[in-house]
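# Chain and residue survey
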Amino acid sequence: MKRVAVLISGRGSNLRSLIAAEDGSYKIILVVSNVEGAGGLEKAREADIPVAVIPHQGKTREAFDGEIDRALRAAGAEIVVLAGFMRILSDGFVRGWEGRLINIHPSLLPAYKGTRVHQRVIEAGETQSGASVHFVVPELDAGPVIAQTGVPVHPSDTPETLAERVLEVEHRLYPEALKLLAKGNVTLKNGLAVFS
Ligand code: GRF
């Protein structure tokens, strides 16, 4: 059973799905938020999961990441899951958790990295979008994909309606991908996701 820490900044709907899907392969032992009032903190507390709030304001990236790193190691985390965590992590932090750090992104990576994804997808006239879970590497949203699922984009979609459709898929995809990693069925080797 792998000890998992989840990093959040917001409402934590993915956190909730990860809590609900816990099985013998992983257990969430800590939730860290950089935002004091993040809705996800309440979801963690309801599930009796320890929480830590580590604000980023007034700190260098390295100092902030150092604090997070110490909290994760003190809790004995083995896997770190980013779930709506809105800070870019330093190269040093990412290297320290290489192969054990994953993120979910609301597009079919490598398409539409970065922010304002749904708006850009709609503006480009795409007919398909989706969600991807990937290993985190220093370059933003560029790590090898572990799992992804597509959803249709409808002509009448707004960023909000598309976000909702993608989010439903995220809630199934993230626990599946985390279980692959927790069971050792996917590993990061030479910059590639290797499945066994
Ligand atoms: C999700 O859309 C995720 O793909 C993105 O941030 C959002 C987090 O939502 N990285 P929630 O806080 O899990 O509800």
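First things first, this report covers the structure right here in the doc. All figures in this text were calculated on a predicted structure; none of them were measured in a lab. (Residues numbered from 1 in each chain as written. Predicted model: local features only at pLDDT ≥ 70, side-chain atom pairs only at ≥ 80, totals over all residues. Heavy atoms only, no water.)

### Concerning the pairing of strand S8 (residues 186-189)
Burial along S8 is one-sided: the face carrying Val186 and Leu188 is buried and the face carrying Thr187 and Lys189 is not. Taking the residues that link successive antiparallel strands as the turn, the S8-strand S9 (residues 192-195) hairpin has two residues, and the phi of Asn190 there is positive, at about 50 degrees. (Buried < 20%, exposed > 50% of the residue type's maximum accessible area, 1.4 Å probe, protein only. Helix = DSSP H or I, 4+ residues; strand = E, 2+ residues; numbered from the N terminus. Pairing = 2+ DSSP bridges.)

### Here we look at the packing of helix H1 (residues 13-20) against helix H6 (residues 159-182)
Packing of H1 against H6 leaves a shortest axis separation of 9 Å and a crossing angle of 45 degrees. Classed by the angle they form, the pair H1 and H6 counts as oblique. Remark: the crossing between H1 and H6 carries right-handed chirality. Along the contact surface, H1 presents Ser13, Asn14, Ser17 and Leu18, while H6 presents Leu167, Glu170, His171, Tyr174, Pro175 and Leu178. (Axes fitted to C-alpha atoms, helices over the stretch in contact; angles between N-to-C directions. Parallel < 35°, antiparallel > 145°, perpendicular 65-115°, else oblique. Left-handed = near helix turned anticlockwise from the far one by under 90°. Contact = heavy atoms within 4.5 Å.)

### Regarding helix H2 (residues 39-46)
The complete set of buried residues in H2 reads Gly40, Leu41 and Ala44. Viewed end-on, H2 has its buried residues packed into an arc of 105 degrees, placing them on one side of the element. Elements that come into contact with the buried residues of H2 comprise strand S1 (2-8), H1, strand S2 (26-33) and strand S3 (51-53). Positioned one or two residues after H2, Asp48 has a phi angle of 60 degrees, which is positive. (Arc of directions from axis to C-beta.)

### What to know about the packing of aromatic side chains
Counted by the stated rule, this structure contains one aromatic pair. Judged by centre distance (6.4 Å) and plane angle (10 degrees), the rings of Phe64 and Phe85 are stacked. Of the two residues, Phe64 sits in helix H3 (residues 61-74) while Phe85 sits in the loop between strand S4 (79-82) and helix H4 (91-96), which places them 21 residues apart along the sequence. (Phe/Tyr/Trp six-rings, centres within 6.5 Å; stacked < 30°, edge-to-face > 60°.)

### Concerning the site of the ligand
Around the ligand, the neighbouring residues are Arg11, Gly12, Ser13, Asn14, Gly84, Ile104, His105, Pro106, Leu167 and Glu170. At 2.8 Å, a backbone N or O of Asn14 approaches an oxygen atom of the ligand. Surface burial for the ligand is 85%, taken as the share of its 370 Å² of free accessible area covered by protein chains. Only H1, strand S5 (101-105) and H6 provide two or more residues apiece to the shell around the ligand. (Near = heavy atom within 4 Å. Polar contact = N/O pair within 3.5 Å; in protein donor to acceptor, adjacent residues only side chain to side chain. Areas by Shrake-Rupley, 256 points an atom, 1.4 Å probe, with all protein chains shown as cover.)

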